[in-house]
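The lines below spell out each chain.
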Amino acid sequence: MLYNAALVLEGGAFRGQYTAGIVDTFLAHHIEFRSVIGVSAGSLCGVNFVSKQYGRAANININHRHDRNYISMARVFKKQIINLDYLFEDHGYSWQNFNEEAYRRSASHFTAVATSVKTGKTVLFTDPIGDDLTNALKASSSMPFLSDPQETAQGPCLDGGITDSIPFDIAQQQGYDKIVVVRTRDISYRKKPSSPAVKRLYNLVYKDHPEFAKAGINRPIVYNHQIAEISHLVHEGKIFNIAPTKPIKIKRIEGNIKKIRALYETGRKEGEETIPSLVKYLEN
């Protein structure tokens, strides 16, 4: 069933395995959305959801996590701990290639959210294809300090979560009255203010891009404001919020396969539990 609604997917590196479980549950129940908006890891889950590739995100991060061509701390000084190109290459019989043909055929519109390094503003990539799609996903998922800016059709960009961690506002701008938000933090989570050390690091590393540094430093303030607004809109029935029932205890670049698999299964389980109320919200 294709709903005239928007699905918004928060990022969070390996916390995105929770999101992977949620969207695979949607696929299992044939639930689709007219608009899918993802940021960082949420964009990677979102694009697999649009191409209807059940289990692809889980397979990559469970079965290929320790392939050094994918993730390696040895590349930390090259700012390429996570090789995002790996996701779009062929890795043999057990590998499920991204199905761009299915993505293009989908009735859903896909938007990847990133942050411009030059302006410190949110940039959107809606329905990108080919190299533009790959570059948009890489930009949206490239973490500050750990990755070099990704060149895109809109200039050099990094993690979309810097300026818009939970882009429900994009869904509002697109005109949707029904918005489903999938978060990777429990509802009680709030970000602490940037420490003096973090502020110094942003100002040092991005000294040539002060607006980006400012956005990074102010991220906790923006994030906590978004959470407050989401809570208000949920109370008004304008947003359906899906969040982990317990705090997720997993590293941003987790190496424990059991934890990665368990988080995916948690997403599947909690996704199943929310299906009845979700459908009621979408069809009311």
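Coordinates for the structure precede this section.
All values reported here derive from a predicted model rather than from experimental measurement.

Caption draft 1: Expanded view of helix α10 (residues 257–283). Taking 1.5 Å of rise per residue, 27 residues should cover 39 Å, and α10 covers 38 Å from first to last C-alpha, within 8% of that figure. Ile275 marks where α10 bends most, by close to 50°; the proline Pro276 follows one to four residues later. In this structure, the buried side of α10 is in contact with β1 (2–9), α1 (16–28), β2 (32–39), α3 (56–63), β7 (179–182) and β8 (239–242). N-cap assignment for α10: the residue whose side-chain oxygen lies 2.9 Å from the backbone N of Lys258 is Asn256.

Caption draft 2: The packing of aromatic side chains, seen in detail. Considering all chains together, one arrives at 13 aromatic pairs under this definition. Judged by centre distance (6.0 Å) and plane angle (35°), the ring pair of Tyr202 and Tyr206 falls under tilted. For the residue pair Tyr202 and Tyr206, the accessibility class agrees, reading buried in each case. A connected cluster of aromatic rings, assembled from ring pairs, spans Phe145, Tyr202, Tyr206 and Phe212. A cation over an aromatic ring shows up here: Lys178 above the ring of Tyr281, its NZ or CZ 4.4 Å from the ring centre. Directly above the aromatic system of Tyr223 lies the positively charged group of Lys191, at a separation of 4.9 Å from the ring centroid.

Caption draft 3: Expanded view of the pairing of strand β6 (residues 155–159). For β6, the tally of buried residues reaches five of five residues, placing the bulk of the element in the interior. Bridge analysis of strand β3 (residues 109–116) against β6 gives three bridges, and the strand direction is antiparallel. Residue pairing in the sheet places Ala114 in a bridge with Asp159 of β6. Bridge count for strand β5 (residues 150–152) against β6 is three bridges, and the pairing is antiparallel. Bridging from a neighbouring strand, Gln150 pairs with Cys157 of β6. Hairpin remark: β5 followed by β6, antiparallel, with two residues in the connecting loop.

Caption draft 4: Up close: α1. Here α1 contains 13 residues, and its C-alpha end-to-end distance of 18 Å stays within 8% of the 18 Å for a straight helix at 1.5 Å per residue. Counted residue by residue, α1 has 12 buried out of 13 residues, so it is predominantly covered. Buried within α1 are the following residues: Gly16, Gln17, Tyr18, Thr19, Ala20, Gly21, Ile22, Val23, Asp24, Thr25, Phe26 and Leu27. Phi turns positive, to about 55°, at His30, one or two residues after α1.

Caption draft 5: Representation of the pattern of salt bridges. In the structure shown here, the tally under the stated rule is seven salt bridges. For Glu32, the salt bridge goes to Lys52, with nearest N and O atoms at 3.1 Å. Taken together, the positions of Glu32 in strand β2 and Lys52 in the loop between α2 (41–50) and α3 put the pair 20 residues apart, joining distant regions of the chain. Accessibility expressed as a relative area gives 19% for Glu32, which makes it buried. Looking at Lys52, the relative accessible area reads 45%, which means it is partly exposed.

Rules of the game
Residues numbered from 1 in each chain as written. Predicted model: local features only at pLDDT ≥ 70, side-chain atom pairs only at ≥ 80, totals over all residues. Heavy atoms only, no water. Helix = DSSP H or I, 4+ residues; strand = E, 2+ residues; numbered from the N terminus. Expected span 1.5 Å × (residues − 1). Bend = angle between axes of the 7 residues up to and from the residue. Contact = heavy atoms within 4.5 Å. Polar contact = N/O pair within 3.5 Å; in protein donor to acceptor, adjacent residues only side chain to side chain. Phe/Tyr/Trp six-rings, centres within 6.5 Å; stacked < 30°, edge-to-face > 60°. Buried < 20%, exposed > 50% of the residue type's maximum accessible area, 1.4 Å probe, protein only. Lys NZ or Arg CZ within 6 Å of the ring centre and 35° of its normal. Pairing = 2+ DSSP bridges. Salt bridge = Lys/Arg side-chain N within 4 Å of Asp/Glu carboxyl O.

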